[in-house]
Amino acid sequence: MTLPRVGTIKTHESTRKLARRLETGTARILSAAVRRDAGRWYCAFTVEVARHVSAPARPDATVGVDLGIKALAVLSTGEPVPNPGHLNRALKALRTASRTLSRRVGPDRRTGQRPSARWETARREVTRIHTRVANLRKDAIHKLTTDVATTYGTVVVEDLNVSGMLRNHKLARHIADASFGEIRRQLDYKTGWNGGQLAVADRWFPSSKTCSGCGTVKPKLSLANRIFTCDACGVIIDRDLNAALNLKQYVDLEWPGDTKTGRGADQKTKPSLAGGCETPTPHHLGGQDGDRRLVTVGCEQWTQ
Ligand SMILES: [Zn+2]
């Protein structure tokens, strides 16, 4: 990678894909942004790419995706998408490291206390694990959204994580909330890339409280209750799978026929047209603190 003033730098990640596109003239670099994050250097390219829209493996199939905390997501096919195993381990390490940090002598503006060297060490460790947790989650999310978007013609998700707005101070919960919008954003542009479409269920659609068997809506369902039991038809089903099935049926029932189902979805959100741009997601180029190697990443902005 050659940057003005800096010169040519080796990158940790391969730039081959991007270079090949430049050689064949199917891509044009519009800009590059260099930044440093948690001791690593990144360079993100904004690239205009000629991309052909491919078709999903099952264009007529619809899938409901219920995003969760315990699992990353549950598909209406009954397939749970678990959080990566590394993630839970990293979260545990993060808790330990944060505790260590809080026990050491940190800076105090009131007393003028300077942070101790051991505090600085602990802080670097916390930062490192934070970055790792974020990266593990990013990777899992990209794999999930790519998988779903290349397989199904229609993907249905909830509008907002309404149930998640209940007060919950757990770390995992917090992270799940933060990535909810990101998953939706990726599904939006990835379904566009693959000739599919993304449908967003109305925020008032009671995907968790509705029975996927008979359509009865429960007045109340506590978050702690992981199993959905229907009082009307006696169905017993995993809570998240039930929600995913309802999301799938949401499209079958409400769109494009436009018929009201009386399931409590009194407002409708038209499925948004998929497509759009991927914001720059720089890949890691390598290098730890103080390491001067630059990192580059191929990042594509999609325009038509
Ligand atoms: Zn039922």
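To continue, consider the nonpolar core. Formed by 20 residues in total, the largest nonpolar core has its most connected members in V63, V65, L144, V148, V155 and L187. Counting residues per element, the ones that place at least two in this core are β5 (58–67), β6 (71–75), α3 (117–151), β8 (152–157), α4 (171–193) and β9 (197–200). Judged by nonpolar contacts, the second largest core, of twelve residues, contains W119, I129, V133 and L136.

Now for the sheet that holds β6. Judged by pairing direction, the sheet is mixed, and its five strands sit side by side in the order β7-β6-β5-β8-β9 without closing on themselves. What marks the edges here is a single partner per strand, and that holds for β7 (80–82) and β9. Between one strand axis and the next, the sheet turns by 25° as a mean value, whatever way the strands run. Across five bridges, β5 lies against β8 in parallel orientation. In the strand pairing of β8, G64 is matched with V156.

Moving on: the packing of aromatic side chains. Tallied over the entire structure, the rule returns two aromatic pairs. Cation over ring: R35 sits above Y42, and NZ or CZ is 4.8 Å from the ring centre. The ring of F228 is capped by K218, whose NZ or CZ atom sits 5.3 Å from the centre of that ring.

About the cut-offs
- Residues numbered from 1 in each chain as written.
- Predicted model: local features only at pLDDT ≥ 70, side-chain atom pairs only at ≥ 80, totals over all residues.
- Heavy atoms only, no water.
- Core = buried A, V, L, I, M, F, W, Y, C linked by side-chain atoms within 4.5 Å.
- Buried < 20%, exposed > 50% of the residue type's maximum accessible area, 1.4 Å probe, protein only.
- Helix = DSSP H or I, 4+ residues; strand = E, 2+ residues; numbered from the N terminus.
- Pairing = 2+ DSSP bridges.
- Axes fitted to C-alpha atoms, helices over the stretch in contact; angles between N-to-C directions.
- Phe/Tyr/Trp six-rings, centres within 6.5 Å; stacked < 30°, edge-to-face > 60°.
- Lys NZ or Arg CZ within 6 Å of the ring centre and 35° of its normal.

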